[in-house]
Amino acid sequence: MSFLAAIRVALDALAVNKGRSLLTSLGIVIGIMAVISMVAAGSGVRERLDERLESVGKNLILIRPGGGKALSGVPTQFAPLTSEDAQALRDDPQLRRWLVGVAESQYYPTIVSSHITSHRVNITGGQPIIFTIRNWKLAAGRFYNDADVQRAAPVCLIGQTVREKLFPHYPNPVGERIRAGPTYLQIIGVLQPKGHTPTGDDQDNQIFVPITTLQEKLAYEKRIALLVSAARDPSWIGRATERIRKILRERHRIQPGTDDDFEVTSVQELANLGDTMTRYLNILIVVIASISLLVGGIGIMNIMLVSVTERTREIGIRMAVGATARDIRNQFLIEAVALALSGGLVGVISGIVAAILLGYFLNWPILVSLFTIVVAFAVSAGVGIFFGYYPAVKAARLDPIEALRYE
Amino acid sequence: MSDSSYTDVSNAASRAVQPQTVRPVIQLVQVTKIYNSGTVQVQALRGIDLEVFPGEFVAIMGASGSGKSTLMNIIGCLDRPTTGQYFLQGKEISQFTRDELASIRNKSIGFVFQNFNLLKRYTALENVELPLLYSGVPKRERRQRAEEMLGKVGLQDRMHHLPNQLSGGQQQRVAIARALVNNPKILLADEPTGNLDSKSSEQIMELLEQLNERGQTIILVTHEASVARCARRKVHIKDGRIAPTSSYLDADAEYPHGEAESKEDNGIYTPLDVIACARH
C-alpha cells in the first residue's frame, strides 16, 4: 500500500472518534503548550535583559566605596574613593592595556528648569572619558572636554528623556540654557537614546556635566560616588577586576584576611547571572515537558491498544484481503503519529496564545522562535512513534483467523 | 473448460510428460494440521489429498468439528499446514512467510464470508477497492475496477451506500465483488448463505453459478446439502479426512444431482433444500 493511501486510511479512522482523539492527545497538547509558552516568555525576558545589558555596556566595571557586606547589606568596611585612587588605576600599565579608561563619577539628583518647564533629573559629573566608557553617542552638539573640566565650565549634555521633558517641541536645544538651583548650564550636546538599565532605570533621564562643575557649582561636595571603567574586551574583565582590587587594597593599606573597603562589580556578572537563570529555566521546562509528554505518550499508547482490540475484526478483514503485517503496523503507527502531531499542533497554537496573553498581562516581551516550533513537532512525532509502536506491532502480529473470528 | 487463464509455467517438466493434462489450480498432498492448545494436541486434519482444477465448482462439506474450517483456512492461505504440501498454481506454498501468504490472499484468493465481513465505515465502493489498495493499484484505476465489479454483481446504484444501508443479500454481493475485484484464481466462499433469508440465498447461489459458468473456480464451504447441490463436486470431510462418499471428480457428467445421495451423506434436511439451483 502506498504511503499516501496509508495516511488516508489512518486519518479516516481518527475522524470516526474525534472526541476521543482530542482527549487522547490532551497530554501532548499541555506538554507542548507549556514548552512553547515558557520558552517564548523566557527568551523574551532574556532578550530584553540582553538588550539592556548591551545598552549599559557589557564590558562595564564599576568600583564603589564600601565593602565586606554583612548579611544586613550594610558595608562593614568603608573608605571613600578619591581622584588619587582613579589616577593610580589610570597609571597602571597593565590596566591601561585592558581598560578603555577610568572615570570618576558623581551624582546629584535635582530639579532642572528650562524656559518652558522643569523636570526632576539626575545630574552626572564625570571625566570626558566617561562618554567613551559608557559608549554614549551624540545626537547633536559636542562632548565636554578636558578644558571644560579644568575650568569647571557651566556646560552640560542632556539625554533624550530630558530633552523631551524640558524642550518638548525642540529637536535641537544646543545653545539653550537650563537652570539647576542658582546655576545656569549651557547645553552643548544632546545624546542619542540608550533605553533602560536591567534594573529599570531610564538612562536617558540624565544630564552630564564636567565633574568639577558638579563638585564646585552644583553639589558642593567632593566625595566620588563611583569609578566607572570598561574593559576593551570581555575576556579581560576578570583579570582587570583582580588587578583593580590588588591596587586599591595596597593604596588603602588593607591587611590580608580583611575585607575590601570597596566593591568592584562588572555588568558581565549580571549577564552571567542571567545565563544561569536561563539555564535553570530551560532545565525546568525540559522536565515539565518530559513529564507531560510521557503522560501524553502513555495516553496515546492506551487509546491505541483499545483501538487495536476494538478493531480486531477489521484487522482480520484487511489481512484476509491481502494486507501484510507491515501494512497493518504502518496503519496504526501513522494513526498514533497523527494523534500526537495533532496534539502538537493544538499545543503550539495554544502555547503561542498563552505566551501572548502572558506577555500582555505581565508586560513581558515574547519571543516565539521557529526552532522551538519545529522541535515541538519533531518531539510530538517522536512520541507518537515511540508510544504507538507497541500497539501497532501488536495489531500486526494478530493471527488473521482469530482476528476474523473476533466478536 | 478453458485453461487460458492458467499461466503458470514453473513446472515445465511435468507438462512435458503429460502435455494434454490440465493441471490443478490447487493440489493438497497429505496435508495435516495439528493444533497445540496447551497440553492437548488436536489433530484437525489427518492427511488430506485434494485437487481442484480450473473452472471447478467444489463444495466442501462436513459437520462442525470435522476439520472443514481448518481445511478452508489452509486453502485460503490464512494458515499453514503442519505437514504435507500445498501447491497453488504449481507453487509449493506450505512454507511461505506470512507476508508471502498475504500477497497470495491479495492476488490469488477471494474470500466470501458467512457474516459478509465488510468494513462498516466504508462505502460499498471503498470496500470493494480494499484488495486493490493493498496491491498498490493507483486510485483512479482502483475506483474504475471497483465500480465495474459492483456493476457485475448488480449494485451499480448502491455504490456509495454504507453496509448498514444495504440488505444482507446486497452486502454479500458487495463481499463477492470485493473477492473478485483483483481477479483471483479461486473464490473461496465460507457458508455464504448462512446469514441470509431463502430468497437472498437463492440469488447469491445464482450469482455464484453464473460466475462459475464464466470460468471462475469456486470452492464453497457449507454444511447444508441444499446449498452444496449447486456445486458440481462435493468433498465430504469427516474427522480430518476426506470421506469416501465424496465425489472425487467433477461429477457433472457421471452423477446427476441426486437428492438421495445428499441425504445419506449428511442426514440433514433444511428448508433451504427447496431452493432450486438455477441450472436445474
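### Considerations on the overall build of chain B
Thought 1: For chain B, the count of helices and strands is nine helices and ten strands.
Thought 2: For chain B, the proportion of its 280 residues judged to be buried stands at 46%.
Thought 3: Excluding contacts between residues fewer than 6 apart, the proportion of contacts in chain B whose partners are at least 24 apart in sequence is 71%.

### Regarding the overall build of chain A
Thought 1: Along the backbone of chain A there are 15 helices and twelve strands.
Thought 2: By the compact-globule yardstick of 22 Å for 407 residues, chain A is too spread out, its C-alpha radius of gyration being 33 Å.
Thought 3: For the C-alpha atoms alone, the extent of chain A along its principal axes is close to 105 × 60 × 35 Å.

### Some words on the nonpolar core
Thought 1: Ala336(A), Ile60(B) and Ile219(B) are the most contacted members of the largest nonpolar core, which totals 122 residues.
Thought 2: With 13 residues, helix α3 (residues 26-56) of chain A is the largest single contributor of residues to this core.
Thought 3: Discounting residues that sit within four places of it in the chain, Ile60(B) has contacts with Lys68(B), Leu71(B), Met72(B), Ile219(B), Val221(B), Val235(B) and Ile237(B).
Thought 4: Residues Ile61(A), Leu81(A), Ile130(A) and Ala240(A) belong to the second largest nonpolar core, which totals 28 residues.

### As for the domain arrangement of chain A
Thought 1: If you check the domain split of chain A, you get domain 1 (3-52 + 272-405) and domain 2 (99-230).
Thought 2: Between domain 1 of chain A and domain 2 of chain A, the C-alpha centre-to-centre distance is 57 Å.

### As for the packing of helix α13 (residues 325-362) of chain A against helix α14 (residues 370-396) of chain A
Residue and element names in this part refer to chain A.
Thought 1: Running from N to C, α13 and α14 cross one another at 150°; their axes reach a closest spacing of 7 Å. Relative to α14, the element α13 lies roughly antiparallel. Seen from above, α13 lies across α14 with right-handed handedness.
Thought 2: In terms of residue class, the contact of α13 with α14 is made up of 23 nonpolar, six polar and one charged.

### Here we look at the sheet that holds strand β5 (residues 91-92) of chain B
All names here are of chain B.
Thought 1: The strand order across the open sheet formed by four strands is β2-β1-β4-β5, and the pairing between neighbours is antiparallel. Among the strands making up the open sheet, the edge pair consists of β2 (40-52) and β5.
Thought 2: Both strand β4 (residues 83-88) and β5 contribute to a ladder of two bridges, which runs antiparallel. Each residue of the ladder has a partner; that of Leu88, found in β5, is Lys91.

### As for the interface of chain B and chain A
Quite often, the size of an interface is put as the accessible area lost when its parts meet.
Thought 1: Counting residues at the interface gives 20 residues for chain B and 18 residues for chain A.
Thought 2: Listing elements by their share of the side of chain B that touches chain A, those giving two or more residues are α3 (98-107) and α4 (124-134) of chain B.
Thought 3: For the side of chain B that touches chain A, the leading source of residues is α3(B), giving six residues.
Thought 4: Residues that form the side of chain B that touches chain A fall into these classes: eight nonpolar, six polar and six charged.

### A few points about the packing of α4(B) against helix α5 (residues 139-152) of chain B
All names here are of chain B.
Thought 1: Their axes nearest at 9 Å, the elements α4 and α5 cross at an angle of 120°. It follows from the interaxial angle that α4 and α5 lie oblique. Of the two elements, α4 crosses α5, and the hand of that crossing is right-handed. Within the contact between the two elements, α4 uses Ala124, Leu125, Val128, Glu129, Leu132 and Leu133 and α5 uses Arg142, Arg143, Arg145, Ala146, Glu147, Met149 and Leu150.

### Regarding the domain arrangement of chain B
Residues and elements named next belong to chain B.
Thought 1: Domain boundaries in chain B define domain 1 (22-100 + 188-280) and domain 2 (109-183).
Thought 2: Listed per partner, the contact involves 14 residues of domain 1 and 13 residues of domain 2.
Thought 3: For the side of domain 1 that touches domain 2, the elements supplying multiple residues, two or more each, are β7 (186-190) and α7 (198-213).
Thought 4: When residues of the side of domain 1 that touches domain 2 are assigned to their parent elements, the largest contribution, four residues, is made by α7.
Thought 5: Looking at the side of domain 1 that touches domain 2 residue by residue, the class counts come to seven nonpolar, five polar and two charged.

### What about the sheet that holds β7(B)?
Residue and element names in this part refer to chain B.
Thought 1: Spatial strand order, β6-β7-β8-β3-β9-β10: six strands in an open sheet with mixed pairing. Because the sheet does not close on itself, it has two edges, and the strands there are β6 (109-112) and β10 (241-242).
Thought 2: Relative to β7, β6 runs parallel, the two being bridged by four bridges. When the sheet's bridge partners are listed, Val112 is paired in β7 with Ala189.

### What to know about unusual backbone geometry
All names here are of chain B.
Thought 1: A positive phi angle, near 45°, is found at Gln30, a position not held by glycine.
Thought 2: Considering the arrangement of structural elements, one finds Gln30 in strand β1 (residues 26-37).
Thought 3: With a phi angle near 50°, Asn117 is a residue other than glycine that sits in the positive phi range.

### Things to note about the environment of Tyr108(A)
Residue and element names in this part refer to chain A.
Thought 1: On the secondary structure map, Tyr108 appears in strand β4 (residues 99-113).
Thought 2: Taking the C-beta count within 10 Å as the criterion, Tyr108 has 20 such neighbours and is therefore assigned buried.
Thought 3: Sequence separation between Tyr108 and Arg251 is 143 residues, and the spatial gap between their C-alpha atoms is 27 Å.
Thought 4: Sequence-distant contacts of Tyr108, defined by excluding residues within four places in its chain, comprise Ile123, Leu214, Leu218 and Ala219.

### Brief notes about the confidence of the model for chain B
Residue and element names in this part refer to chain B.
Thought 1: Averaged over every residue, the pLDDT of chain B is 81; residues scoring 70 or more account for 80%.
Thought 2: Taken together, the stretch residues 250-276 has pLDDT below 50 and engages in 34 contacts with residues farther than four places along the chain or on a different chain.
Thought 3: The complex model carries a pTM of 0.71, and its ipTM stands at 0.82.

### Points about helix α1 (residues 3-16) of chain A
Residues and elements named next belong to chain A.
Thought 1: The terminal C-alpha atoms of α1, which comprises 14 residues, lie 21 Å apart, in line with the 20 Å expected from a rise of 1.5 Å per residue.
Thought 2: Where α1 is concerned, the buried positions are Val9, Ala10 and Leu14. With its buried residues spanning 135° around the axis, α1 presents them on a single face. The exposed set on the far side of α1, more than 90 degrees from its buried face, consists of Leu4, Ala15 and Val16.

### Side note on α4(B)
Thought 1: α4(B) sits mainly inside the fold: eleven of its eleven residues count as buried.
Thought 2: For α4(B), the complete set of buried residues consists of Ala124(B), Leu125(B), Glu126(B), Asn127(B), Val128(B), Glu129(B), Leu130(B), Pro131(B), Leu132(B), Leu133(B) and Tyr134(B).
Thought 3: Summarising the contacts, the buried residues of α4(B) are in contact with α1 and α13 of chain A together with α3, α5 and α6 (168-180) of chain B.

### Re the pairing of strand β10 (residues 206-210) of chain A
Residues and elements named next belong to chain A.
Thought 1: Summarising burial for β10: five of the five residues are buried, a large majority.
Thought 2: Relative to β10, strand β5 (residues 118-126) runs parallel, the two sharing five bridges. Residue pairing in the sheet places Ile123 in a bridge with Ile207 of β10.
Thought 3: Two strands pair when backbone bridges link them, and strand β7 (residues 155-158) and β10 are joined in this way by two bridges, in the antiparallel orientation. Directly across from Leu157, in β10, lies its bridge partner Phe208.

The rules behind the values
- Residues numbered from 1 in each chain as written.
- Chains lettered and ligands numbered in written order.
- Predicted model: local features only at pLDDT ≥ 70, side-chain atom pairs only at ≥ 80, totals over all residues.
- Helix = DSSP H or I, 4+ residues; strand = E, 2+ residues; numbered from the N terminus.
- Buried ≥ 20, exposed ≤ 12 C-beta atoms within 10 Å, placed from the backbone.
- Contact = placed C-beta atoms within 7 Å.
- Rg over C-alpha atoms; globule rule 2.2 N^0.38 Å.
- Core = buried A, V, L, I, M, F, W, Y, C linked by C-beta atoms within 7 Å.
- Domains from an automatic or database assignment.
- Axes fitted to C-alpha atoms, helices over the stretch in contact; angles between N-to-C directions.
- Parallel < 35°, antiparallel > 145°, perpendicular 65-115°, else oblique.
- Left-handed = near helix turned anticlockwise from the far one by under 90°.
- Nonpolar A, V, L, I, M, F, W, Y, C, P; charged D, E, K, R; others polar.
- Pairing = 2+ DSSP bridges.
- pLDDT = per-residue confidence, 0-100.
- Expected span 1.5 Å × (residues − 1).
- Arc of directions from axis to C-beta.

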